[in-house]
Amino acid sequence: MADKPYLKRLPDPKGYYGEYGGAALPPDLAAEMEKIDHAYRTIGNSHDFILRLRDIRKHFQGRPTPVYYAKRLTDSVGGARIYLKREDLNHTGAHKLNHCMGEALLASYLGKRKLIAETGAGQHGVALATAAAYFGLECEIYMGEVDIAKEHPNVIRMKMLGAKVVPVGFGQRTLKEAVDAAFEAYMQDPVTSMYAIGSVVGPHPFPMMVRDFQAVVGIEAREQFHSMTGHLPDHVMACVGGGSNAMGMFAGFIDDPVDLWGVEPLGRGTGKLGDHAASLRYGRPGLIHGFTTMTLADDDGTPAAVHSVASGLDYPGVGPEHAYLFAQGRTRLAGATDEDAIRAFYRLSRLEGIIPALESAHALAFASQLAVEHPNDSILVNLSGRGDKDMDYVYENYPPETWA
Ligand SMILES: *Cc1c(COP(=O)(O)O)cnc(C)c1O
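Chemist: Residue-level account of the site of the ligand, with values.
Modeler: What surrounds the ligand is a group of 17 residues, the closest being Lys96, Ser199, Gly243, Ser244 and Ser384. Contact between the ligand and Gly242: an oxygen atom at 3.2 Å from a main-chain N or O atom of the residue. One of the side-chain nitrogen or oxygen atoms of Ser384 is found 2.7 Å away from a nitrogen atom of the ligand. Tallied by class, residues from the shell around the ligand come to four nonpolar, eleven polar and two charged.

Okay, here's the thing in structure tokens:
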């Protein structure tokens, strides 16, 4: 067993990565998850499915995305060579389409008519609406009323793509309630609809499926980096919200002697609950949305309020596989504050002509720091998305006259 490649070894058949993961659900929902797990393990591994997904990636998504040597960034930092995996060049501008196309392809094999999901800032909603349009599926996206008011452009994009955006008006009216509402809608109609989660989180089999669909990022990057340089990078890093772009990147290097760094959002930098969303650094084991992982919770166990300047990193938990890999010592933990991310956002824009997503800017911030400490090394950063969605916010709140 031990010589099987990592991706074939974990999770175990019940969806556990060590003590993390699983599916703690009411019986009817658990039965649905078992059906999806079975479908994924059979259909998802079929020759036909793999060929169709490969074709979609090439002709629709624009894969492979390049690996780019950021020379001016490297020169300005004055240390290790910094390379970027350009997931910002993926269709729709981020890595999320990688798993949305996979989930939607599986749904279409299963004869489903509708995709259901929640969205926070709207990035997952837009990617899923895109996949639904491609496959001719209906799409229903649950979104808190507070987020709808904040994320107007993404709401419009989802509607343009033909999705139905359902406002969620109870509780805090943000992501957590949207998850609850989306799950409830899915349970009303699990035969003709499929739930499609937005990261390597949720009950089994979602963390496994999303990781496997995202693994294309790391597998491509490993080959590209090697053919550019003749060796592997010393360090590979990615920002960690739920952890899908990081897991996809790590998947390509996990059996290699390469340092894998997950960069968490330290927000305001105080370390106080409510000021950050660093679940691995400050969290403790607990149950959230049907699975066990490291969570940020109040004393009574309810998910805590979280903060990050990057709304895609704003989740009081993390994928169970990240909790496992970190506990094993296979991955290493880093962080970046809101202000670190803003500086990295401007640095990449000005030096390379690439405006990064604020999420990705967290990984870039840490890359620059590590580069100075290890001047002879090479660093590969997953640039998970482009920053068009963040420009107005940054311009208004962190104007270039002060921050660039
Ligand atoms: C959603 C998002 C993230 C965070 O999600 P992960 O599952 O942690 O990857 C990171 N970057 C971008 C551009 C995103 O849209």
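Chemist: Before we move on, can you summarise the side chain of Glu140 with the specific residues and values?
Modeler: Topologically, Glu140 is positioned in strand β6 (residues 138-144). A distance of 3.1 Å separates polar atoms of two side chains, one belonging to Glu140 and the other to Lys114. Apart from the residues lying within four places of it in its own chain, the contact partners of Glu140 are Lys114, Leu115, Ile116, Ala117, Lys164, Val166 and Ala185.

Chemist: Kindly report on the sheet that holds strand β5 (residues 114-119), identifying the contributing residues and their values.
Modeler: Taken together, the four strands give an open sheet; going across it, the order is β7-β6-β5-β8, and neighbouring strands pair in parallel fashion. Only two strands of the sheet have a single partner each, and these edge strands are β7 (164-168) and β8 (193-195). Looking at each pair of strands side by side, their axes are set apart by 25° on average, direction ignored. Taken together, the six bridges between β5 and β6 define a ladder with parallel strand orientation. Within the sheet, the bridge partner assigned to Ile116 lies in β6 and is Glu140.

Cut-offs and rules
Residues numbered from 1 in each chain as written. Predicted model: local features only at pLDDT ≥ 70, side-chain atom pairs only at ≥ 80, totals over all residues. Heavy atoms only, no water. Near = heavy atom within 4 Å. Polar contact = N/O pair within 3.5 Å; in protein donor to acceptor, adjacent residues only side chain to side chain. Nonpolar A, V, L, I, M, F, W, Y, C, P; charged D, E, K, R; others polar. Helix = DSSP H or I, 4+ residues; strand = E, 2+ residues; numbered from the N terminus. Contact = heavy atoms within 4.5 Å. Pairing = 2+ DSSP bridges. Axes fitted to C-alpha atoms, helices over the stretch in contact; angles between N-to-C directions.

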